[in-house]
Every structure is written in structure tokens, then in C-alpha cells.
Amino acid sequence: IQAGLRLLSYGDYYFLRSVFTAPAIRGQGIASKLLIHAINEFTQPIYTLPTLSAVSLYQRLGFQAVDTKDIPAGLSSSYRRFRQPSQDPTVMVINF
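Residues numbered from 1 in each chain as written. Predicted model: local features only at pLDDT ≥ 70, side-chain atom pairs only at ≥ 80, totals over all residues. Heavy atoms only, no water.

### A closer look at the sheet that holds strand S2 (residues 14–21)
Sheets are built from strands paired through backbone hydrogen bonds, the pairs being either parallel or antiparallel.
Reasoning step 1: Taken in spatial order, the five strands line up as S1-S2-S3-S5-S4 in an open sheet, and their pairing is mixed. The open sheet is flanked by strand S1 (3–9) and strand S4 (64–65), the only strands paired with a single partner.
Reasoning step 2: Alignment of S2 against strand S3 (residues 46–48), held across three bridges, turns out to be parallel. Paired with Phe 15 across the bridge in S3 is Tyr 47.
Reasoning step 3: Across the sheet, helix H1 (residues 30–41) touches S1, S2, S3 and strand S5 (92–94), and the angle it forms with S1 is around 30°. (Pairing = 2+ DSSP bridges. Helix = DSSP H or I, 4+ residues; strand = E, 2+ residues; numbered from the N terminus. Contact = heavy atoms within 4.5 Å. Axes fitted to C-alpha atoms, helices over the stretch in contact; angles between N-to-C directions.)

### Quick look at the side chain of Thr 48
Reasoning step 1: Position of Thr 48 relative to the elements: it lies in strand S3.
Reasoning step 2: Look at Thr 48 and you get buried, because its relative accessible area is 3%.
Reasoning step 3: A polar contact is formed between the side chain of Thr 48 and the backbone oxygen of Leu 16, at a distance of 3.1 Å.
Reasoning step 4: Setting aside residues no more than four positions away along its own chain, Thr 48 makes contact with Phe 15, Leu 16, Tyr 58, Phe 63, Thr 90, Val 91 and Met 92. (Buried < 20%, exposed > 50% of the residue type's maximum accessible area, 1.4 Å probe, protein only. Polar contact = N/O pair within 3.5 Å; in protein donor to acceptor, adjacent residues only side chain to side chain.)

### Comments concerning the nonpolar core
Reasoning step 1: In this structure, Leu 35, Ile 46, Tyr 58, Leu 61 and Phe 63 are the most contacted members of the largest nonpolar core, which totals 13 residues.
Reasoning step 2: Among the elements of the structure, S2, H1, helix H2 (55–60) and S5 are those that each provide at least two residues to this core.
Reasoning step 3: Not counting chain neighbours up to four residues away, the residues in contact with Leu 61 comprise Ser 32, Leu 35, Ile 36, Ile 39 and Ile 94.
Reasoning step 4: Counting ten residues, the second-largest nonpolar core is a separate cluster that includes Leu 49, Ile 71, Tyr 79 and Val 91. (Core = buried A, V, L, I, M, F, W, Y, C linked by side-chain atoms within 4.5 Å.)

### Digging into the pairing of S2
Reasoning step 1: Note: S1 against S2, seven bridges, orientation antiparallel. The residue bridging Leu 5 from the neighbouring strand is Val 19, located in S2.
Reasoning step 2: Taking the residues that link successive antiparallel strands as the turn, the S1-S2 hairpin has four residues, and the phi of Gly 11 there is positive, at about 90°.
Reasoning step 3: Viewed along the sheet, the connection from S2 through H1 into S3 turns out right-handed. (Right-handed = clockwise from strand over helix to strand, strands pointing away.)

### Describing the environment of Gly 4
Reasoning step 1: Mapping Gly 4 onto the fold places it in strand S1.
Reasoning step 2: With eleven residues separating them in the primary sequence, Gly 4 and Phe 15 have C-alpha atoms 15 Å apart.
Reasoning step 3: In this view, Gly 4 contacts Ser 18, Val 19, Phe 20 and Leu 34; residues no more than four positions away in its chain are not counted.

Structural data, given as C-alpha cells:
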């Protein structure tokens, strides 16, 4: 497997858990194409907790930052797990 995307269904929304491409094929727009396909395929909101280096990619695709008080209850535990004491992760959503 050279690239993949993992979406978890939470009923009325999805959680984009991960997107990956093998190092040898990075920089070819494959991650963007996978994300665009998912965005077009699913009309429900798609939430993600992007790494700092991926925030600009998600912004280019139309994802928007979500205030922590607006994070769905089902994602709260994931948010707390990824949160660092000195810096909160960005929670982003599209199709909202």
C-alpha cells in the first residue's frame, strides 16, 4: 500500500483519523486527491485533528478551524488524547 485514508463514522459525521503516503511518492498530490475524493463522497461533516505541518493542506481544501466548545462529544476523548499541555491541536471540519 502506497497511500491511504482512514475515516471513522460517528453516525452524523466522520472523523478523519489519518492520511498517509509512502515517502517515495510524497509531493505528487496524492494525499490531496484522497481527501478531495472523501469530501466529495461524503456529505456529512468530516472532522480532523491535523498535525501542525498539515494544517495548510486542510485549509487549502476548505477545512475550517473549530472552537473547542464545538467539538462533537464523540471526538472529545481523541482531542484530549492528542492535546499537548503547551499547545492545543487544531480541530478542523468540512461539509459543516
